[in-house]
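Observations on the model geometry
Next come the chains, spelled out residue by residue.
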Amino acid sequence: MNYKIAVCDDSGADRQYIASLVQQWAGERGYSIALSPFPSAESFLFCYAEQKDYDILLLDIEMGDMDGVTMAKHLRKDNDTVQIVFITGYSDYIAEGYEVAALHYLMKPVNPEKLFDVLNRAVEKLSKNERVLTLESGGEMVRLPVYQIRYAEVSGNYVTIHAAADYTVKMTLGELEKELDERFYRAGRSAIVNLTQISRVTKAEIRLGDGTLIPLPRGAYEGVNRAIINMR
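Residues numbered from 1 in each chain as written. Predicted model: local features only at pLDDT ≥ 70, side-chain atom pairs only at ≥ 80, totals over all residues. Heavy atoms only, no water.

**Examining the confidence of the model for the protein**
Applicable threshold: One number per residue, pLDDT, summarises how confident the predictor is, and it ranges from 0 to 100. A run of H or I in DSSP counts as a helix once it spans at least four residues, and a run of E counts as a strand once it spans at least two, with each numbered from the N terminus.
Mean pLDDT over the protein: 89, with 95% of residues reaching 70 or higher. Taking the mean pLDDT of every element in the protein, the minimum, 68, falls on helix H4 (residues 97-100) and the maximum, 97, on helix H1 (residues 12-29).

**Digging into the pairing of strand E12 (residues 191-194)**
Going by this rule: Only protein chains enter the accessibility calculation, which uses a 1.4 Å probe; a residue is then buried when its area is under 20% of its type maximum, exposed when over 50%, and partly exposed in between. Paired strands, in this sense, are two strands between which DSSP finds at least two bridges.
The two faces of E12 match: Ala 191 and Val 193 on one face and Ile 192 and Asn 194 on the other face are all buried. For strand E8 (residues 151-155) and E12, the ladder comprises three bridges, and the chain directions are antiparallel. Directly across from Tyr 151, in E12, lies its bridge partner Val 193. Judged from the three bridges that link them, strand E11 (residues 184-186) and E12 form a sheet pairing that is antiparallel. Paired with Phe 184 across the strands is Asn 194, a residue of E12. Between E11 and E12, which pair antiparallel and follow one another directly, the connecting turn spans four residues, one of which, Gly 188, has a positive phi of 80 degrees.

**Some points on the packing of helix H2 (residues 41-48) against helix H3 (residues 68-76)**
The condition is simple: Angles here are taken between N-to-C directions and fall from 0 to 180 degrees, while the axes themselves are lines fitted to C-alpha atoms, restricted in helices to the stretch in contact. By the definition adopted for this analysis, an angle is roughly parallel if under 35 degrees, roughly antiparallel if over 145, roughly perpendicular if from 65 to 115, and oblique otherwise. Crossings are sorted by hand: turned counterclockwise from the far helix by less than a right angle, the near helix makes the crossing left-handed, and turned clockwise it makes it right-handed. Every residue pair with non-hydrogen atoms within 4.5 Å of one another is taken to be in contact. Each residue is assigned to one of three groups, with Ala, Val, Leu, Ile, Met, Phe, Trp, Tyr, Cys and Pro labelled nonpolar, Asp, Glu, Lys and Arg labelled charged, and all others, Gly among them, labelled polar.
At a closest axis distance of 10 Å, the pairing of H2 and H3 adopts a crossing angle of 15 degrees. If you check the angle between H2 and H3, you find them roughly parallel. The way H2 lies across H3 gives a crossing that is right-handed. Packed against H2, whose contacting residues are Ala 41, Phe 44, Leu 45 and Tyr 48, the element H3 presents Met 71, His 74 and Leu 75 at the interface. Split by residue class, the contact of H2 with H3 holds six nonpolar, one polar and no charged.

**Comments concerning the nonpolar core**
In a soluble, globular protein the nonpolar side chains are often hidden away together inside. Selection criterion: Among buried residues, those of type Ala, Val, Leu, Ile, Met, Phe, Trp, Tyr and Cys that are joined through side-chain atoms within 4.5 Å constitute a nonpolar core.
Residues Phe 44, Leu 57, Leu 59, Met 71 and Phe 86 are the most contacted members of the largest nonpolar core, which totals 24 residues. When residues of this core are traced back to their parent elements, those giving at least two are strand E1 (2-8), H2, strand E3 (56-60), H3 and strand E4 (83-88). With five residues, H2 is the single largest residue contributor to this core. With residues near it in sequence (within four places) discarded, Met 71 still touches Cys 8, Ala 41, Phe 44, Leu 45, Leu 57, Leu 59 and Met 66. In this structure, Val 85, Leu 106, Phe 116 and Ala 122 belong to the second largest nonpolar core, which totals 23 residues.

**Description of the packing of aromatic side chains**
Applicable threshold: Pairing of aromatic side chains here covers Phe, Tyr and the six-membered ring of Trp, requires ring centres within 6.5 Å, and sorts the geometry by plane angle: under 30 degrees stacked, over 60 edge-to-face, intermediate tilted. Placement of a charge over a ring requires the Lys NZ or Arg CZ to be within 6 Å of the ring centre, with the centre-to-atom vector within 35 degrees of the ring normal.
Taken as a whole and judged by the stated rule, the model has seven aromatic pairs. Each ring, one from Trp 25 and one from Tyr 31, has its centre 5.1 Å from the other, and the planes form 55 degrees; the classification is tilted. We classify Trp 25 as buried; its relative accessible area is 0%. Clustering of aromatic rings is evident, with ring pairs tying together Phe 38, Phe 44, Tyr 48 and Tyr 54. Note that Lys 4 overlies the ring of Tyr 54, its terminal NZ or CZ placed 4.6 Å from the centroid.

Structure follows, in structure tokens:
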């Protein structure tokens, strides 16, 4: 397998250390990688403007003029597949990961085994992004990448799947649920939500990154948060 990976950290020593671990991980697993180091968020975004095909981003949070969370928000405006791993010396930023669907946080100094485990999970998620649903909607067959699904809601005998476009299909929510994976959570009887699209959860509702509000049934709050934690 071939993966394009970026390491973005304003510390030269940390950048070199992380890069060496990534090379070790790839060598042990027989992966071919293109590894690019960047000393700042700005330098990465300058390159990203021309090359948007990165698979994994190992991103320091505390940098110079632009911090890692702000940079990740820029990426998520047009890229919902790159796997973002935050690397930080502080534990104060975890809540902000909701907004950018971060895969994981690693604390400095980075433990090699923990990094390897996170990279394995990133590769697994990238492979899942290749899964496609085949749906009959509006008199035609549609091939829909699973990762594009934000949420689905039921109305009578039909389910509307909200992705880049909306597709209404004759099926039950349970039938759709069987076609999905652990990124998706059944929020009561009427909706399934993509956990990676969630920006905030309250006891009354789920808010997605695009502002969509999905009501939460009574008692479902803890289950959603557990599912998000387990997914990461």
